[in-house]
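Report on the structure
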Amino acid sequence: MKRGSLSVVSTLAWRNLWRNHRRTLIMLLAIAIGVWAMIFMAALMRGMTDEMMRNGLNNLPGEVQIHQANYRDDPSVANSMAPPAGELARELARPPVAAWAARVRVPAVVASERDSRGVTLLGVDPASERAIGSLPGDIQEGRFLEDEHDRGLVIGRKLASRLETALGKRVVLMSQDPQNDIADRGVRVVGIYRARLEGTEDQFVYAGRAAVQEMLGIGDRVSEVAVTAHDYRAVDRWYPQLAAAVGQGLEVAPWTELDSFLASYLSVQDGFSLVFMVVVFLVLSFGLVNTLAMAVFERVREIGLMQALGMPPSLILGQLLLESLYLLGLGLALGNLLALASIRPLESGIDISAVAQGMEMMGMGTTLYPALALTDMAMSTAVVIVLGLLASLLPAWRAARLEPVTALNTTM
Amino acid sequence: MSSISCRNLCRTFHQGDEVITGLDHVDLDIEEGEFVCLSGPSGSGKTTLLNAMGGLDTPDEGEITVGKYRVDKLSKNELAEMRLHDIGFVFQAYNLIPVLSAIENVEFVMQVQGIAAADRGARARAILAEVGLQGLEDRRPGDMSGGQQQRVAVARAIVNQPALVLADEPTANLDTRSAAQFMDLFVALNRQHGITFVISTHDTRVMAYARRLIRMRDGRIVADEQQEPHGMAV
Ligand SMILES: Nc1ncnc2c1ncn2[C@@H]1O[C@H](COP(=O)(O)OP(=O)(O)OP(=O)(O)O)[C@@H](O)[C@H]1O
Ligand SMILES: [Mg+2]
């Protein structure tokens, strides 16, 4: 297309857009509100997903885990690994890795004077657990472990009530050592934690890592290394680096492999945002097509005139598409600004406890944290532009196909 | 380019059950550089014939050649191309694009042709001055009188010095003085640049300028005479 024709087309498109102020402004507002709704909804969904992911990954824990190759089939102490050293330790010390924790994780039994329960015993180093975000958030009584040599035990509220034990009482911890012999030791309950889910309170007990290693007679060996980069969506980009750095006999698995429910939830959420955007746009497109069809109808004579003067059909088409693009672009800009202005102040959280009992079941809290993401803004822009131009194609095509003389003769 | 040849042109319109004759077996040859007037009562087919020559309307039957183009055989895009580069139009009823100013309307065709901005601006300004619209360059059609709009339309038709100008009642809204000015301008362009003019009119003052006067009635050519152009007394 020649430059001159491009400029005449853009002049015509822009001026025609403002010919019917009222109609254009109403349509503009409709698009802006639609775009705002798309982004706002996506931000809410993203916030919910983020929180659910964070909780899920804190329980997992980590975005990537390193195990001895057989550990996931048989999580016994026999399938332990040496703590990270050499190249792996160097990889873990540099970005994008933000934190990591080496931990012992074995099946165990806790027995009180009254009862005994099977649990998962976690031998942890409190400092590194804190860094990956996997500490129980809420210590209800007593304290958490002080360091990896701490000889106390921290248990969940639910477990404490089942065992009919209490803070400061002694219980017996039993597990198997690598030779399949029983290893046991009496420990004092130094803390009782509360979790979102009773199942968690019932299952996990925390002890100092060194103390557990000593009890099991495994030296400095651990069950797993949990690694986080604090960006769960990006995990596929960096975990292969770790996989390349671990030695033989070890296995590196990203969270998407470790927890397929979380992984599928995430893709459902992304898909749902897109579907929601498309649905909102389909509603808008009726207005858009109507507006453009009206514009063509009102301008039949001048479209005929332009054709009669030798403007090729492609430029007529281009002019109407450009007019539509201007409208969409302005609507998008306005909608994005609205979204920005309304979501930013809400990012500190919206309290929905009044309407959302039971959200905890899904691993979410009663506060929503809408998360504005560039990808959602870009996605809504792409949806609006692509579908908008598609919807405009029909009226524009009709205009380009008008017979010049019929159009010129049309009396209005 | 501008020799025009029409062979056996027929065009009928259908309005409900009624069949209206627009053109009825018209044969006509116009040589390059001629200055022709089409006259005839209202409804005699003048506009229909001009539209057929400009490729704005396709006849039901017959052949039209305009210069190197077989007009009745061209595609929409080829017709647009021909009109854009070789023909200047003045339409009977609706001429100007409402959202463009006078000068932008005059520049429109040159802009679509891709002529550089400075060049087309200067040419448009000059031609507007020539048709007496100096100072009104930035007016929109809605803010101009019918006569002023007519001048803009004429300016646009001739600004580019096309090979052929098809003008449908170009002086309809003009007073005698302005009409005479226009006709003088047309005659000058015809003499100096060899531009072919085909002008439809009811106006005997306009017919007086023509060297060839064609009379139509009921879609047929009923007279085709050479005459000594005598202009009009102002
Ligand atoms: N699009 C159309 N549909 C129906 N009839 C038409 C159409 N265009 C022209 N006609 C008819 O064809 C005949 C010739 O019309 P045309 O416009 O060519 O006449 P004209 O000589 O230009 O008249 P005028 O001097 O009033 O402009 C008329 O009877 C007119 O009513
Ligand atoms: Mg006519």
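Just so we're clear, the structure is a prediction, and the values are computed from it rather than from any experiment.

Conventions we followed
Residues numbered from 1 in each chain as written. Chains lettered and ligands numbered in written order. Predicted model: local features only at pLDDT ≥ 70, side-chain atom pairs only at ≥ 80, totals over all residues. Heavy atoms only, no water. Helix = DSSP H or I, 4+ residues; strand = E, 2+ residues; numbered from the N terminus. Rg over C-alpha atoms; globule rule 2.2 N^0.38 Å. Buried < 20%, exposed > 50% of the residue type's maximum accessible area, 1.4 Å probe, protein only. Contact = heavy atoms within 4.5 Å. Areas by Shrake-Rupley, 256 points an atom, 1.4 Å probe, with all protein chains shown as cover. Lys, Arg positive; Asp, Glu negative; His and termini not counted. Charge placed at Lys NZ, Arg CZ, Asp CG, Glu CD. Donors = N, O, S within 2.8 Å, 3.2 Å for Na, K, Ca; no water. Near = heavy atom within 4 Å. Polar contact = N/O pair within 3.5 Å; in protein donor to acceptor, adjacent residues only side chain to side chain. Nonpolar A, V, L, I, M, F, W, Y, C, P; charged D, E, K, R; others polar. Buried area = accessible area lost by both parts, 1.4 Å probe. Salt bridge = Lys/Arg side-chain N within 4 Å of Asp/Glu carboxyl O. Patch = residues over 30% accessible without salt bridge, like charges linked within 9 Å, V, L, I, M, F, W, Y side chains within 5 Å. Pairing = 2+ DSSP bridges. Axes fitted to C-alpha atoms, helices over the stretch in contact; angles between N-to-C directions. Domains from an automatic or database assignment.

What follows concerns the overall build of chain A. Each helix and strand counted, chain A has 14 helices and twelve strands in total. For 412 residues, the compact-globule estimate of 2.2 N^0.38 gives 22 Å, and the C-alpha radius of gyration of chain A, at 31 Å, exceeds that figure by more than 25%. Each of the 412 residues in chain A was classed as buried or not, and the buried ones make up 50%. For chain A, restricting intrachain contacts to residue pairs at least 6 apart in sequence, the fraction spanning at least 24 positions comes to 78%. Only carbon and sulfur atoms are counted for the fraction: they give 58% of the accessible area of chain A, which is about 18,800 Å². A gap of 11 Å separates the mean positions of the 36 positive and 41 negative side-chain charges of chain A.

Of regular secondary structure, chain B possesses seven helices and ten strands. Relative to the compact-globule value of 17 Å for 234 residues, chain B shows a C-alpha radius of gyration of 17 Å, a close match. Each principal axis of the C-alpha atoms in chain B carries an extent, and together these give about 45 × 45 × 35 Å. Of the contacts made within chain B by residues no fewer than 6 positions apart, 68% connect residues no fewer than 24 positions apart. Of the roughly 9,800 Å² of accessible surface on chain B, 44% is carried by carbon and sulfur atoms.

Residues and elements named next belong to chain B. Taken together, the protein donors to the magnesium ion (ligand 2) comprise Thr47 (OG1) and Gln92 (OE1), at separations of 1.8 to 2.2 Å. On the criterion of sequence distance, the pair formed by Thr47 in helix α1 (residues 46–53) and Gln92 in the loop between β6 (87–90) and α3 (102–113) is long-range, its members being 45 residues apart. Residue Thr47 is classed as partly exposed on the basis of its relative accessible area, which comes to 26%. By relative accessible area, which is 42% here, Gln92 ends up partly exposed.

Next up on the list: the site of ligand 1. The immediate surroundings of ligand 1 are formed by 17 residues, with B:Ser42, B:Lys46, B:Thr47, B:Thr48 and B:Gln92 found nearest. Chains contributing residues to the immediate surroundings of ligand 1 are chains A and B. Side-chain polar atom of B:Thr47 to an oxygen atom of ligand 1: 2.6 Å apart, as the coordinates give it. Against a free-state accessible area of 630 Å², the protein chains account for coverage of 71% of ligand 1. A class-by-class count of the residues in the shell around ligand 1 yields three nonpolar, twelve polar and two charged.

The next subject is the interface of chain B and chain A. With 28 residues of chain B in contact, the opposing surface of chain A contributes 29 residues. Ranking the residues of chain B by area buried against chain A places B:Lys76, B:Tyr94 and B:Val99 at the top, with a combined share of 26%. Linking chain B to chain A there are two salt bridges. B:Lys76 is the salt-bridge partner of A:Glu403, the closest N and O atoms lying 3.8 Å from each other. In this structure, the connection of chain B to chain A is made through six residue pairs in polar contact (both at pLDDT 80 or more). With six residues, α3(B) is the largest single contributor of residues to the side of chain B that touches chain A. Split by residue class, the side of chain B that touches chain A holds 14 nonpolar, seven polar and seven charged.

A separate point is a nonpolar patch on the surface. The grouping of A:Leu29, A:Ile33, A:Leu334 and A:Leu338 at the surface amounts to a nonpolar patch, some 350 Å² of accessible area in total. Elements that contribute at least two residues to the nonpolar patch include exactly α2 (21–59) and α12 (313–343) of chain A.

The strands that make up a sheet pair up through hydrogen bonds in the backbone, lying either parallel or antiparallel. All names here are of chain B. Pairing within the open sheet is antiparallel, and its four strands lie in the order β2-β1-β4-β5. Looking at the sheet topology across the chains shown, the edges are occupied by β2 (18–30) and β5 (69–70). Direction of pairing for strand β1 (residues 4–15) relative to β2: antiparallel, over a ladder of nine bridges. Across the sheet, residue Arg11 finds its bridge partner in β2, namely Leu23.

With that settled, consider the sheet that holds strand β8 (residues 196–200) of chain B. All names here are of chain B. Overall, mixed pairing links the six strands, which are arranged β6-β7-β8-β3-β9-β10 in an open sheet. Strands at the two margins of the open sheet, each flanked by one partner only, are β6 and β10 (220–226). Taken over all neighbouring pairs, the strand axes of this sheet differ in orientation by 15° on average, direction set aside. Across five bridges, the pairing between strand β7 (residues 164–168) and β8 is parallel. Considered in β8, the bridge of Ala167 is made with Ile199. Its contacts with the sheet put helix α5 (residues 146–158) on β6 and β7, and the angle it makes with β6 is roughly 170°.

One pass over the full model with this rule turns up 33 salt bridges over all chains. A salt bridge links B:Arg123 to B:Asp119, with the shortest nitrogen-to-oxygen separation between them at 3.6 Å. Highlighted residues: B:Arg123 and B:Asp119, both in helix α4 (residues 117–130), separated by four residues, approximately one helical turn. In the salt-bridge network here, residues are joined through shared partners; they are A:Arg103, A:Arg105, A:Glu129 and A:Glu224.

The next subject is the domain arrangement of chain A. Interface size is commonly expressed as the accessible surface area that is lost when the partners come together. Residues and elements named next belong to chain A. The domains assigned to chain A are domain 1 (3–56 + 263–408) and domain 2 (62–255). Using C-alpha coordinates to define each centre, domain 1 is positioned 49 Å away from domain 2. At the boundary of domain 1 with domain 2, the tally comes to one salt bridge. The salt bridge involving Arg233 is made with Asp270; its shortest N-O contact spans 3.3 Å. Within the residue set of the side of domain 1 that touches domain 2, elements represented by two or more residues are α2 and α10 (260–298). By residue number, the principal contributor to the side of domain 1 that touches domain 2 is α2, which donates six residues. Looking at the side of domain 1 that touches domain 2 residue by residue, the class counts come to four nonpolar, four polar and five charged.

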